[in-house]
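Coordinate analysis (summary)
Listed below are the residues making up each chain.
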Amino acid sequence: MTTRSESRTALDHLLSEIEHRNPAQPEFHQAAHEVLETLAPVIAARPEYAEPGLVERLVEPERQVIFRVPWQDDQGRVHVNRGFRVEFNSALGPYKGGLRFHPSVNLGVIKFLGFEQIFKNALTGLGIGGGKGGSDFDPHGRSDAEVMRFCQSFMTELYRHIGEHTDVPAGDIGVGGREIGYLFGQYRRITNRWEAGVLTGKGAGWGGSLIRPEATGYGNVLFAAAMMRERGEDLEGQTAVVSGSGNVAIYTIEKLAALGANAVTCSDSSGYVVDEKGIDLDLLKQIKEVERGRVDVYAERRGSSARFVPGGSVWDVPADLVLPSATQNELDENAAATLIRNGVKAVSEGANMPTTPEAVHLLQQAGVAFGPGKAANAGGVAVSALEMAQNHARTSWTAARVEEELTHIMNDIHTTCHETAERYDAPGDYVTGANIAGFERVADAMLAQGVI
Ligand code: NDP
Ligand code: 2IT
């Protein structure tokens, strides 16, 4: 029998080793800390999880691929970027997770995202393992032709590592429908196969699932609604602050409006917009999805209800609900203190790890309902798995059917996290609930499949 304090000591030891063996990967260390710090109770309660090597295997990716991505810009100049695919854990199914194109991408960032993805995918209850990839390529300001050449070069190496039964990438920051199209075209050309299930987030006319573009944002709002229900409230009339203005932010704002809440902000790396009448989604979609412009243009065109704040912290805007939907570590301790002062009721993470550990702690101490990304933003990857199911069956479901499935999945994830937290003496702590529930499912599969 292992006690909780013995488990904690063993996990602390492993965390030091992770830092030592993976130098200069702060985001990966942070993600590993956040999960491992909550596992002591489940390891103490279930002796099989104390088996030597189980958690050690879980924190070591099964495979890590790093490759050169050379491409030519419109002037014929050659650029060299770095491509990554980290295939972290396939105990539950093919590796599954997005590709991120952003200048900040490095191995540590991809490993943090891949590690989170293992538990997130387990929480969906579907048959998908965890992986993540991407490149330090910056798509901002690049022409369609440049993005196409980059995607073709990226896939010319990546194709040999992926497949519908092996590893199934999708989008993330900087990778949306346009990029998935170019990537899929090159995969098809190289392999001479119509293998729809090799990528998700495809166009609806050629193998994509309806509601996949909406799924992450919609799912996060459904998760936030479930947390609010626990507190005896709904979303009607609540004011929401949303960061980001990309895929996740846009469909978060859309679903908030559908459920009667009012999102008054959006942001990008240039600053934020606050619109007291509520964000006009048609205008935001036109600027972001069609023109690929910046958020200050929104304020310019919207008129007197909106203003653009360059730089600045979107978390200064008072809100009942907060849905960070841009990037990691965007909401720190100071921001959390401001939100608490302004009476925030719930924070639900659309982005991956947007809230720093200190900020999470502060919010939880103040009694704010906190939905961690691996639970709250799992709707995107869940509908990706539904896209794979449709591809295998060579069929496509109606939007209503997909949305109904998404709603069930998000409510189930909420219930699982809530009940697991109660079972391990941490009522209301969705971080502990999500980590333990995800861990149990993956660990059981790993134990059953032997030491590999
Ligand atoms: P997009 O590329 O569509 O949008 C990203 C948004 O975040 C943009 O507004 C971007 O602004 C802003 N942003 C990105 N990096 C930074 C930064 N370093 N500082 C300030 N702003 C930044 O990406 P998504 O909407 O798809 O992804 C947003 C988040 O959601 C990410 O954390 C992603 O991992 C997570 N996520 C995405 C899922 C999906 O299905 N797409 C699923 C689950 C989670 P700018 O254009 O100025 O860079
Ligand atoms: O972080 C994520 O869950 C995603 N970017 C979506 C992954 C996917 O495979 O749909």
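Scroll up a little and you will see the structure.
**Concerning helix H2 (residues 26–36)**
- Summarising burial for H2: eight of the eleven residues are buried, a large majority.
- Those residues of H2 that sit buried are Glu27, Phe28, His29, Gln30, Ala31, Ala32, Val35 and Leu36.

**Points about the site of ligand 1**
- What surrounds ligand 1 is a group of 25 residues, the closest being Asp172, Thr216, Ser269, Arg294 and Asn352.
- One of the side-chain N or O atoms of Thr216 is found 2.8 Å from an oxygen atom in ligand 1.
- In the model, an oxygen atom of ligand 1 is placed 3.3 Å from a nitrogen or oxygen of the Ala326 main chain.
- Expressed as a share of its isolated accessible area of 880 Å², the protein-covered part of ligand 1 is 84%.
- Listed by contribution, the elements that provide at least two residues to the shell around ligand 1 are helix H8 (212–230), helix H9 (247–258) and strand S8 (265–268).
- Partitioning the shell around ligand 1 into residue classes produces four nonpolar, 15 polar and six charged.

**Section: the nonpolar core**
- Counting 52 residues, the largest nonpolar core has Leu256 and Ile413 as its most contacted members.
- Here this core gets nine residues from one element, more than from any other, and that element is H8.
- Those residues within four positions of Ile413 in sequence are excluded, and the remaining contacts are Leu123, Thr124, Phe223, Ala375 and Ala378.
- In this structure, Leu107, Ile110, Ile118 and Met353 belong to the second largest nonpolar core, which totals 41 residues.

**A look at the packing of helix H15 (residues 379–392) against helix H16 (residues 399–423)**
- H16 packs onto H15 with a crossing angle of 135° between their chain directions and a minimal axis gap of 10 Å. With respect to their mutual orientation, H15 and H16 come out oblique. Handedness of the crossing formed by H15 with H16: right-handed. Touching Gly379, Ala382, Val383, Leu386 and Gln390 of H15 are Val402, Glu405, Leu406, Ile409 and Met410, all from H16.

**A short note on the pairing of strand S3 (residues 95–101)**
- Counting buried residues in S3 gives seven out of seven residues, a clear majority hidden from the surface.
- Bridging between S3 and strand S4 (residues 129–135) involves five bridges; their strand directions are parallel. The residue of S4 that forms the bridge with Tyr95 is Gly129.
- With respect to chirality, the unit in which S3 leads through helix H5 (residues 107–123) into the neighbouring parallel S4 is right-handed.
- Two elements, S3 and strand S5 (residues 167–170), share four bridges in a ladder whose sense is parallel. The residue of S5 that forms the bridge with Tyr95 is Asp167.

**Thoughts on the pairing of strand S1 (residues 63–72)**
- Bridge count for S1 against strand S2 (residues 78–89) is ten bridges, and the pairing is antiparallel. Bridging from a neighbouring strand, Val65 pairs with Arg85 of S2.
- Hairpin geometry of S1 and S2 is characterised by an intervening segment of five residues between the two adjacent antiparallel strands and by a positive phi of about 85° at Gly76.

**A look at the packing of aromatic side chains**
- Summed over the entire model, instances satisfying the criterion amount to 17 aromatic pairs.
- Taking the centre distance of 5.0 Å and the plane angle of 75° together, the rings of Phe115 and Phe119 count as edge-to-face. Residue Phe115 and its partner Phe119 are located together in helix H5, separated by four residues, close to a single helical turn. No difference in accessibility class separates Phe115 from Phe119, as the two residues are buried.

**A word on the site of ligand 2**
- What surrounds ligand 2 is a group of 14 residues, the closest being Lys96, Gln117, Lys120, Asp172 and Ser384.
- Contact between ligand 2 and Lys120: an oxygen atom at 2.8 Å from a side-chain N or O atom of the residue.
- Here Ser384 contributes a side-chain N or O atom positioned 2.5 Å from an oxygen atom of ligand 2.
- Contributing elements (two or more residues each) for the shell around ligand 2: S3, H5 and H15.
- Looking at the shell around ligand 2, its residues break down into two nonpolar, seven polar and five charged.

**Description of the sheet that holds S5**
- Reading across from one edge, S1-S2-S4-S3-S5 is the order of the five strands in this open sheet, with mixed pairing throughout. Edge positions in the sheet fall to S1 and S5, since each has one partner strand and no second. Put simply, the sheet's adjacent strands are angled 20° from each other on average, direction ignored.

**Details of the sheet that holds strand S13 (residues 369–371)**
- Spatial ordering of the open sheet is given by S7-S6-S11-S12-S13, a layout of five strands whose pairing is parallel. Lying at the two open borders of the sheet, with one neighbouring strand each, are strand S7 (262–263) and S13.
- Two elements, strand S6 (residues 239–242) and strand S11 (residues 321–323), share three bridges in a ladder whose sense is parallel. Bridge pairing in S11 places Ala240 opposite Leu321.
- Contacts from H9 reach S6, S7 and S11, with the element oriented near 175° to S6.

What counts, and where the lines are drawn
- Residues numbered from 1 in each chain as written.
- Chains lettered and ligands numbered in written order.
- Predicted model: local features only at pLDDT ≥ 70, side-chain atom pairs only at ≥ 80, totals over all residues.
- Heavy atoms only, no water.
- Buried < 20%, exposed > 50% of the residue type's maximum accessible area, 1.4 Å probe, protein only.
- Helix = DSSP H or I, 4+ residues; strand = E, 2+ residues; numbered from the N terminus.
- Near = heavy atom within 4 Å.
- Polar contact = N/O pair within 3.5 Å; in protein donor to acceptor, adjacent residues only side chain to side chain.
- Areas by Shrake-Rupley, 256 points an atom, 1.4 Å probe, with all protein chains shown as cover.
- Nonpolar A, V, L, I, M, F, W, Y, C, P; charged D, E, K, R; others polar.
- Core = buried A, V, L, I, M, F, W, Y, C linked by side-chain atoms within 4.5 Å.
- Contact = heavy atoms within 4.5 Å.
- Axes fitted to C-alpha atoms, helices over the stretch in contact; angles between N-to-C directions.
- Parallel < 35°, antiparallel > 145°, perpendicular 65-115°, else oblique.
- Left-handed = near helix turned anticlockwise from the far one by under 90°.
- Pairing = 2+ DSSP bridges.
- Right-handed = clockwise from strand over helix to strand, strands pointing away.
- Phe/Tyr/Trp six-rings, centres within 6.5 Å; stacked < 30°, edge-to-face > 60°.

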